[in-house]
Amino acid sequence: MKIRKQQVSIVIPIYNEEGVVGQIYAQIRAVVDSLPHQFKFYYVDDGSDDNTVKEVEALAKKDRRIVLLKLSRNFGHQAALTAGLDIADGEVIISMDGDGQHPPEMIPQMVELVQSGYDIVQTQRMDDVQPFSFKKWTSSLFYKIINKISGTHIMPGAADYRALSRVALNALKSMPEYHRFLRGMVAWLGFSTIILPYQPVDRISGVSKYSISKMINLAINAVFSFSLVPLYIGLSVGGVFLLLAFLEMIYVLSFWVTGNTSTMAPGWSSLMFVLLIIGGTLMVLLGFIGIYVGLIFQEAKRRPVYIIRDEKNGK
Ligand code: UDP
Ligand code: MG
């Protein structure tokens with residue numbers, strides 16, 4: 001093994017995690033203190049409006065290795081994580097949630113695997129033991145769909161708990177997109193990857209900060225930034241309708257050719273049916289195109305993914 005005293009950065013985005021940060025910090029310390037590496041902790045406060053910042057500041061007073069990055073408002077988990085990854089300066093960079101759901105006991109193994117040559121150590125949440133839950137069900141449905149329609153394979157249960165080598169992180173940092181789905185982006189990168197399964201732990205306290213709307217947002221970012229399939233759906237459905245119209249034309253013409261026009265029923269209901277189907281399909285497809293145009297518009301503005309209000313360095 002080359003450098004034993006490698007620097008390891010741990011990036012933790014936090015949003016309203018008061019009462020939790022101290023415990024997680026203690027858990028992480030209990031694991032990393034016996035390791036020979038130099039650790040640095042990057043807490044990214046994603047615009048919390050409770051005591052989270054104060055609690056991290058109190059920790060930072062005692063531990064000079066803690067860096068606290070405060071964003072100017074709540075930008076969302078993926079943006080906060082990006083902010084932390086952008087400033088982390090270690091040779092091995094680990095990202096994990098600040099709510100205790102990512103078991104810190106895996107850190108030594110993750111660091112070792114990066115040192116042994118893997119550029120990406122990706123953890124995978126094993127949900128099978130848990131009883132049915134809405135989150136688990138929507139998550140597995142989501143991965144089924146995204147893997148059907150996108151060219152990048154994104155592993156089901158992939159968590160934003162992973163270790164990256166410096167090379168892999170630099171590659172990730174070269175992807176400036178505004179709509180970020182880091183799990184997909186990391187999978188897209190390539191590099192030698194190893195997967196570590198883990199059993200999810202319950203949150204220490206507090207509630208999930210992923211509201212339904214945040215989950216939908218993440219799913220839309222993932223689907224539309226990793227796939228053009230929705231546009232192809234539009235194209236093929238449009239094609240089917242054109243074909244149907246063509247067939248209908250032949251059918252109607254056949255009445256004229258055979259001189260049977262008087263037997264043509266005044267088919268109001270079938271006409272309405274066809275109109276509604278075509279109208280509805282057009283709307284849906286326009287919606288797909290609208291989403292792509294909207295996303296392109298937002299990317300084209302080249303806005304930063306996050307804005308830093310303040311950086312407190314333990315040094
Ligand atoms: N988080 C964040 N900004 C947000 C939402 C969440 O920084 O807008 C943080 C949160 O504090 C936690 C991590 O991202 O450390 C994962 O969030 P959460 O535990 O709520 O997600 P879940 O585990 O329910 O998917
Ligand atoms: Mg969580």
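Quick caveat, the model's predicted, so the values are computed rather than measured.

> I would appreciate a short explanation of the coordination of the magnesium ion (ligand 2) in the present structure.
Tetrahedral coordination by four donors sets the ideal angle at the metal to 109.5 degrees; octahedral coordination by six donors sets it to 90 or 180 degrees. Coordination of the magnesium ion (ligand 2) by the protein comes from D99 (OD) and Q101 (OE1), over a distance range of 1.9 Å. Here D99 falls in the buried class, since its relative accessible area comes to 4%.

> Before we go on, may I ask you to explain the site of ligand 1 in this structure?
What surrounds ligand 1 is a group of 18 residues, the closest being E17, D46, D99, S208 and K209. Within the backbone of Y15, a nitrogen or oxygen atom sits 2.9 Å from an oxygen atom of ligand 1. About the coverage of ligand 1: the protein hides 92% of its 530 Å² of free accessible area. More than half of the atoms of ligand 1 fall within 2 Å of the grid points belonging to the largest pocket. Of the residues that constitute the shell around ligand 1, the class distribution is four nonpolar, six polar and eight charged.

> Looking at this model, I keep getting lost on helix α4 (residues 107–115). Mind explaining?
It helps to recall that an α-helix has 3.6 residues per turn; residues three or four apart then point in one direction. Residues I107, M110, V111, L113, V114 and Q115 constitute the buried set of α4. Looking one or two places after α4, you find G117, whose phi comes out positive at around 125°.

> Is there a simple way to explain the sheet that holds strand β6 (residues 158–165) in this structure?
Hydrogen bonds between backbone groups are what pair the strands of a sheet, and the pairing can be parallel or antiparallel. Taken together, the eight strands give an open sheet; going across it, the order is β7-β5-β6-β4-β1-β2-β3-β8, and neighbouring strands pair in mixed fashion. Single-partner strands in this sheet number two, and they are β7 (193–198) and β8 (308–313). On average, adjacent strands in this sheet sit at an angle of 20° to one another, irrespective of strand direction. Bridge analysis of strand β5 (residues 120–125) against β7 gives six bridges, and the strand direction is parallel. Paired with T123 across the two strands is L196, which belongs to β7. Docked against the sheet, helix α2 (residues 52–62) engages β1 (7–14), β2 (38–45), β3 (66–71) and β8, running at close to 155° with respect to β3. Against the sheet, helix α6 (residues 166–173) engages β4 (92–95), β5 and β6, with an angle of about 115° to β6.

> Just checking my understanding: could you explain the layout of surface pockets for this structure?
Any empty space left between atoms is shown by rolling a water-sized probe over those atoms. Its boundaries defined by the atoms lining it, the largest pocket holds a volume of some 1200 Å³. Lining the largest pocket are 48 residues, and of these R125, K135, R183, Y210 and M215 lie nearest its centre. When contributions to the lining of the largest pocket are tallied by element, the ones reaching two or more residues are β1, α3 (77–87), α5 (134–149), β6 and α8 (212–226). No other element matches α5, which puts nine residues into the lining of the largest pocket. Approximately 470 Å³ is the volume attributed to the second largest pocket. Lining the second largest pocket are 19 residues; nearest its centre among them are F75, G76, Y178, N217 and N221.

> Help me understand the packing of aromatic side chains in this model?
The description of an aromatic ring pair uses the distance of the two centres, along with the angle that the planes make with each other. The full count for this structure, using the stated rule, is eight aromatic pairs. Taking the centre distance of 5.8 Å and the plane angle of 85° together, the rings of F142 and F181 count as edge-to-face. Here F142, found in helix α5, pairs with F181, found in the loop between α6 and α7 (182–189); they are 39 residues apart in sequence, far enough to count as distant. With respect to burial, F142 and F181 carry one shared label: buried. Aromatic side chains Y251 and F255 sit 5.0 Å apart centroid to centroid with 90° between the ring planes, which places their arrangement in the edge-to-face category. Taken together, the residues Y251 and F255, both in helix α9 (residues 229–258) and four residues apart, mark about one turn of the helix. In this structure Y251 comes out as exposed when scored by relative accessible area, which is 54%. On the basis of relative accessible area, F255 is assigned to the buried category, the value being 16%. These aromatic residues form a ring-pair network of at least three members: F142, Y143, F181 and F226. Note that R73 overlies the ring of F75, its terminal NZ or CZ placed 3.9 Å from the centroid.

What counts, and at which threshold
Residues numbered from 1 in each chain as written. Chains lettered and ligands numbered in written order. Predicted model: local features only at pLDDT ≥ 70, side-chain atom pairs only at ≥ 80, totals over all residues. Heavy atoms only, no water. Donors = N, O, S within 2.8 Å, 3.2 Å for Na, K, Ca; no water. Buried < 20%, exposed > 50% of the residue type's maximum accessible area, 1.4 Å probe, protein only. Near = heavy atom within 4 Å. Polar contact = N/O pair within 3.5 Å; in protein donor to acceptor, adjacent residues only side chain to side chain. Areas by Shrake-Rupley, 256 points an atom, 1.4 Å probe, with all protein chains shown as cover. 1 Å grid on protein atoms, 1.4 Å probe; cavity = no way out; pocket = protein on both sides within 12 Å on 5 of 7 lines; lining within 4 Å. Sits in = over half its atoms within 2 Å of the grid points. Nonpolar A, V, L, I, M, F, W, Y, C, P; charged D, E, K, R; others polar. Helix = DSSP H or I, 4+ residues; strand = E, 2+ residues; numbered from the N terminus. Pairing = 2+ DSSP bridges. Axes fitted to C-alpha atoms, helices over the stretch in contact; angles between N-to-C directions. Contact = heavy atoms within 4.5 Å. Points joined across faces, edges and corners; volume = space filled by probe spheres on them. Phe/Tyr/Trp six-rings, centres within 6.5 Å; stacked < 30°, edge-to-face > 60°. Lys NZ or Arg CZ within 6 Å of the ring centre and 35° of its normal.

From the geometry alone we can't say anything about function, so treat these as descriptive.
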